[in-house]
Structures are given as C-alpha cells and as structure tokens.
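Take a look at the letters that make up each chain.
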Amino acid sequence: MFVRSACTKMAVEKHVETKIGGMDENKEKSTDEGLGLEILQIIKDSQQQHGLRHGDYQRYRGYCSRRLRRVRKTLGFKMGNRHKFTGKKVTVEMLSDNRYLLLGLMEAERAWSYAMQLKQEANTEPRKRFHLLSRLRKAAKHGEHLERLCESPRVDAKTKLEAQAYTSYLSGMVQFELQQWKAAMEAFNKCKTIYEKLASAFTEEQAVLYHQRVEEISPNIRYCAYNIGDQNAINDLMQMRLTGGGGGMMAEKLETLITQTRAKQAATMSEVEWRGRTVPVKIDKARIFLLGLGDNEAAIIQAANEETKERLYETLLVECRDTIQAVREEIKADAKLRERPVEGETGGKVSNLQYLHSYLTYIKLCTVVKRNESMAHALHAKLKEPQPDESKRGPRPQDLIRLYDIILQSLAELSALLGLEEDHTFQKEVSLKTLVYKAYRCFFIAQSYVLVKKWSEALVLYERVLKYAREVQSKAKNLNNSLKDLPDVQELISEVNAEKYSLQAAAILDTGDAPEVPQQLQVKENKQPLCERLEAFHLDPAIVGKQPNLVQFPPDFQPIPCKPLFFDLALNHVAFPPLDEKVEQKGKGGLTGYIKGIFGFGS
C-alpha cells in the first residue's frame, strides 16, 4: 500500500509539473524584439508550488532536476548517453530559443536549493557547511553564465536586467555566508537598485513581485551595514524584529546579532538590585537576559498587533526559562547551597544564587500574568463585538475564565517565592492582585451563567464581584502604586451594575412570558411520547419529522413478582418404610460357584 501511494503521489506531481510547464511556456515566449524570460516570476512560482512554501528545499531541488531533464530532452541538448557523460555548455550562438536561458536558470536554482538544504542540516552537522559554500559558489557561477548569455543582442532589456539582479543576489549570498560584509552589501545594493528600477517601470500589479524581493533583501543589507560598523543599523533591525520581518535565514542571524550585542554589554554588568537587596550576577546567561529585559519589554509595548505581541511574549518566556535552568544548575553544582542556611547564622536570608533564582522566577511569573491579561483583554473586546456569522464559534466567557485561572495560579506561586516570605509589602501586593483577578474571573463566570439563563446564580456572582472590588479599593489606600499595572476596578464595578440591571430585566421577562402561553400548548422539557398523551392535543412538528417521538424506547423496567423458592424441610422428619424384603439376597454358591467363577461361566 505504501509503494502504491508513493507512486500515485509521484504521478500526480509529474502531472502537475507538466501543467505548470505548459503555463510557464507563456512566460518564456520570444517576442519580435528578442528573447525574453521572466526570471523572477518563474522562480517565485516554482518555489511556491514545489516545496518552499513549507521550507522543503529537497523537494524543490528534485523539481529543478526533473525540469532540467525535460527541457534538455525537448531541445535535444543531451549530455552524452547512458554510458558516457559529455559535458556541454550553452553558448551565445545557440540562443535560438529562450529555453536555453531556462537551462542556466534551473541549474542555478538547483545548486541554490541544495545549499539551503545543507544549511538546514548544518545546524546538527557542522561539516556540511563546507559543502554548503561549494554549492552556493556553484549557483553563483551558473548565475554569471546566465548573465553572459543574456548580454546577447537577441535578448530583450528586461531579461538582461533581471539576470543581472539575480546574479548579484547569488553573489551576495556567497559573500554573506563567507562574512565578507562589504562585498555582500555591494552585491545586495546592486540587486535592490535593479529591482527598484524595474518596479518603477511597470504597472503596480507587475511591480508587486519586485517590491517583495526588495523587502526580502533589505534585512540582509542592514545586517551587513551593522557588521561593517554602522551602529544605527541595529535600531532598524530591532524595528524589523517588532514587525516580524526578516524571516528564514535572516531571523536566525538577527537573533544571533542581538545576543552578541547583549553579550558585549554584559561584561560591564556585575550586580542587580531587587526589593532593596543587591545581588551579584556572575552567570553570563543571566547577565545577557537581564540586559535585554528592558528592550524586550519596550518591544512588547511597541508591538504593532496582538500576534506580534504574543510572539514577543513567548520569546521572552523561553529566554527566561533557559536562564532559570542555568541558575538552577549552578545551584546544584555547589554542594553548600543545596540546603537553606540556618537562620541563626545568616539572619534568615537566603544565598545570593537562591535570591537571583527567585528574582528570575518573579520575572517569568509576572510575564505569564501580563501575557494572559493581554490575551484576556483582546478576547473581552471581541466578546463585546457582534458576531456577523453565527455558525462560526466566537469567543465565550469560558475562554477568559481559563486565562484568569492561569493568572491566579501564577500569583499563588509568586507568594511562595523563596526569600520573600518575610516581605510583608510584597505579600500584600500579591494578595491585592489576587483579589483583582478573582473579581474578573468571578465576573466572567457570572456571564457564562447568564448565557444559560441561570439568573439567580449569576446575580449572586455579580454581588461577589462587587464585594471583591470594594475590598480592593479599601486595601489599595494603604499601598502606593499598587493598582498601576492592574485593570481598572472602578470600570468593572460600573460594568457589573449595568449587567445586574440587564439581568433583572431579562429574568422578569423570562418569567413573565410563561402565563401567556396556553397550558395545553406548553412544551414540556421532558417531552412525552405520543402514546402517553393521546388525550391532550398538541401540535408537535416533530411527529411528521424524521425522528418522531411515538413511544418510549427502550421501555422502562417494570417490577414483576419473583419466582418462589421451595425448600424441602419435611424430608428430615419423614419415616420411610423398610425395604429389606425387596433387596435381593446374595446366595451362597459353594464349590460349584467357585469353579464357575474361575472359568468365567457365571459372568
């Protein structure tokens, strides 16, 4: 079955490639002005339809090889026979068909896709980097050959410009991998300039592809500028990180650059102060994380949309977990820190490493609280909006209840942090935050009860929300700036009061509608089958439907009398008559009987 399915898949792919090849012929037709080839359009269409949408460079390389074979066979441009390979090169004199240009393009794409495949594998096998550079040089060589072919007077001007831009891009990739930043920047700038000129020469619809290519190249140019010495380029790269730009290979380079920049600054950082205590920071990973914490928080505030903000929150949490793990391993490595010091010796203070661990855990838990609060705020805004399509599942109050459960769990962990048990101000702040989020959680539980028309339960929960909110307001007077980062409690009180009035009106209308319906037409919740209500007429459309309720099936169990058990108790008291007379007496045979028994005559 597996072989059959694999063969079917290959057949389908070949059929699709044949169709696409027919479509691409329209892009490769020669005009009266000369041979033309839409290089960038062919590359983008082939990459999107043959694996690069999912990052599968191996599949795209296989497609390039098969297309090369088909074009060579069509042109009769064979490389020897099945027994011997004879290398050939396309020359300018052979350019009678633009498919000869397509040969050079596909050879360059095949080498480039192999290099990108090796780049993915080089993360685990560093030796493959040498092969990667070799294939990139090969791709640039094929690109230069294509550019020389396009210098022929038979080729139109647009194809010449696209070939120059393509060659510059491949050369820039080679120099980029070799970390020759100046040469790479010159090549990328040349490529960018050509594509910008081409975009300005055509209509907006045709220029979209060129603008996309320029956006792909821009992160590489800024990265090269930073490595050359332009310090302003780091700000542009950080801004691109906020907008989600620079995907693929550039994303990894950008994260590495940010880490390296923070590592240089970490050499000057030796300690951190938190809640009145200064702690030395000797672990490099912790220094790098703490230096970048302010930038990460600023980036989250400046995020353009919720998706970018969520991605930055996840990145910050991953870095925080890795840093906590590094500190935890450092604590385990020191045998003296495995047990908490005696209070009489150290005044009840935990060690510096333990306190640093508590500080990092505090940052992680606070980030979890802010992330879930941001998600809850976005869901609450969507909950207030009318749903245009009722068939699609929209946000529900239950979704927000789960988010506030996670927030309350994080706050419970905050109150149990090591070294902060005696910090009464901190404990009061955490308890105040717990009350605020309890109020919000209770509010959305009440809304979930409103949806199922449980008016009394919802009203009780709304009163509980008001109780929590008033308690928060009374406690916040003693704590300065405690409600600075928390949701507005007064706004919640106003919303609860409005919801209470709406709830009371809905409850009155719900109970007031019942007497208006005639008793004989009321639909009971437990619908009786037709056989049990034959005396009362009721217009039930379900009777003529596909599932009419005629009889109850399976029927209910009914009690029946059990089968009696008989015990023969009189048997022990019955005197039976003697049967000795009817029992056969064993006769005495004497010698004759003995002889018959020996010879078997008597048997």
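Residues numbered from 1 in each chain as written. Predicted model: local features only at pLDDT ≥ 70, side-chain atom pairs only at ≥ 80, totals over all residues. Heavy atoms only, no water.

For the chain, the name recorded in an unreviewed UniProt entry is Signal recognition particle subunit SRP68, with Aldrovandia affinis as its organism. Here is the UniProt Sequence similarities (unreviewed entry) comment for the chain, exactly as written: "Belongs to the SRP68 family." Check the Function (unreviewed entry) section of the UniProt entry for the chain; it says "Component of the signal recognition particle (SRP) complex, a ribonucleoprotein complex that mediates the cotranslational targeting of secretory and membrane proteins to the endoplasmic reticulum (ER). The SRP complex interacts with the signal sequence in nascent secretory and membrane proteins and directs them to the membrane of the ER." (UniProt positions renumbered as here; feature names shortened; annotations may be inferred.)

Each pair of aromatic rings is reported with the distance of its centres and the angle of its planes. Applying the stated criterion across every chain yields a total of 19 aromatic pairs. Between the aromatic rings of Tyr404 and Tyr437, the centroid separation amounts to 6.2 Å while the plane-to-plane angle is 35°, which identifies the pairing as tilted. Highlighted residues: Tyr404 in helix H15 (residues 397–415) and Tyr437 in helix H16 (residues 424–451), separated in sequence by 33 residues. Residue Tyr404 is classed as buried on the basis of its relative accessible area of 5%. Residue classification places Tyr437 among the buried positions, given a relative accessible area of 2%. Their ring planes at 75° and their centres at 5.2 Å tell us that Phe443 and Phe444 sit as a pair that is edge-to-face. (Phe/Tyr/Trp six-rings, centres within 6.5 Å; stacked < 30°, edge-to-face > 60°. Helix = DSSP H or I, 4+ residues; strand = E, 2+ residues; numbered from the N terminus. Buried < 20%, exposed > 50% of the residue type's maximum accessible area, 1.4 Å probe, protein only.)

Moving on: a nonpolar patch on the surface. On the surface, Leu550, Val551 and Phe553 cluster together to form a nonpolar patch covering roughly 350 Å² of accessible area. In this fold, Phe553 is placed in the loop between helix H18 (489–512) and helix H19 (590–599). (Patch = residues over 30% accessible without salt bridge, like charges linked within 9 Å, V, L, I, M, F, W, Y side chains within 5 Å. Areas by Shrake-Rupley, 256 points an atom, 1.4 Å probe, with all protein chains shown as cover. Salt bridge = Lys/Arg side-chain N within 4 Å of Asp/Glu carboxyl O.)

Before going further, it helps to spend a moment on the pattern of salt bridges. The tally for this structure, following the rule as stated, stands at 14 salt bridges. Two residues, Glu177 and Lys119, come together in a salt bridge whose shortest N-O distance is 3.1 Å. Note that Glu177 is positioned in helix H6 (residues 157–177) and Lys119 in helix H4 (residues 99–121), a separation of 58 residues in sequence. Here Lys128 and Glu125 are joined by a salt bridge, their closest N and O atoms 3.7 Å apart. By relative accessible area, Lys128 is classed as partly exposed at 23%.

Here strand E1 (residues 271–274) shows a buried face lined by Val272 and Trp274 and an unburied face lined by Glu271 and Glu273. Note: E1 against strand E2 (residues 277–280), 4 bridges, orientation antiparallel. Residue Glu271 lies in a different strand from E2, and its bridge partner there is Pro280. Taken together, E1 and the strand that follows it, E2, pair antiparallel across an intervening segment of 2 residues, in which Arg275 is found at a positive phi of about 55°. (Pairing = 2+ DSSP bridges.)

Right, let's get into helix H8 (residues 204–228). Taking 1.5 Å of rise per residue, the 25 residues of H8 would be expected to cover 36 Å, and the 35 Å separating its terminal C-alpha atoms lies within 8% of that figure. The largest bend along H8 measures about 25° and falls at Ile217, with the proline Pro219 one to four residues further on. (Expected span 1.5 Å × (residues − 1). Bend = angle between axes of the 7 residues up to and from the residue.)

So, on to helix H5 (residues 128–150). Counted at 1.5 Å a residue, the expected span for H5 with its 23 residues is 33 Å, and the 33 Å between its end C-alpha atoms agrees. Taken together, the buried positions of H5 are Leu132, Leu133, Leu136, Ala139, Ala140, His142, Gly143, His145, Leu146, Glu147, Leu149 and Cys150. Contact partners of the buried residues in H5: helix H2 (39–49), H4 and H6. (Contact = heavy atoms within 4.5 Å.)

Counting 71 residues, the largest nonpolar core has Tyr362, Ile363 and Leu414 as its most contacted members. For this core, the secondary structure elements donating two or more residues are E1, helix H11 (284–301), helix H12 (306–333), helix H14 (352–384), H15, H16, helix H17 (455–476) and H18. The element that contributes the greatest number of residues to this core is H16, accounting for 13 residues. In contact with Leu414, not counting residues within four places along its chain, are Tyr362, Leu365, Cys366, Phe426 and Val430. The next biggest cluster of nonpolar side chains, apart from the first, holds 62 residues, and it includes Tyr60, Val155, Tyr169 and Leu209. (Core = buried A, V, L, I, M, F, W, Y, C linked by side-chain atoms within 4.5 Å.)

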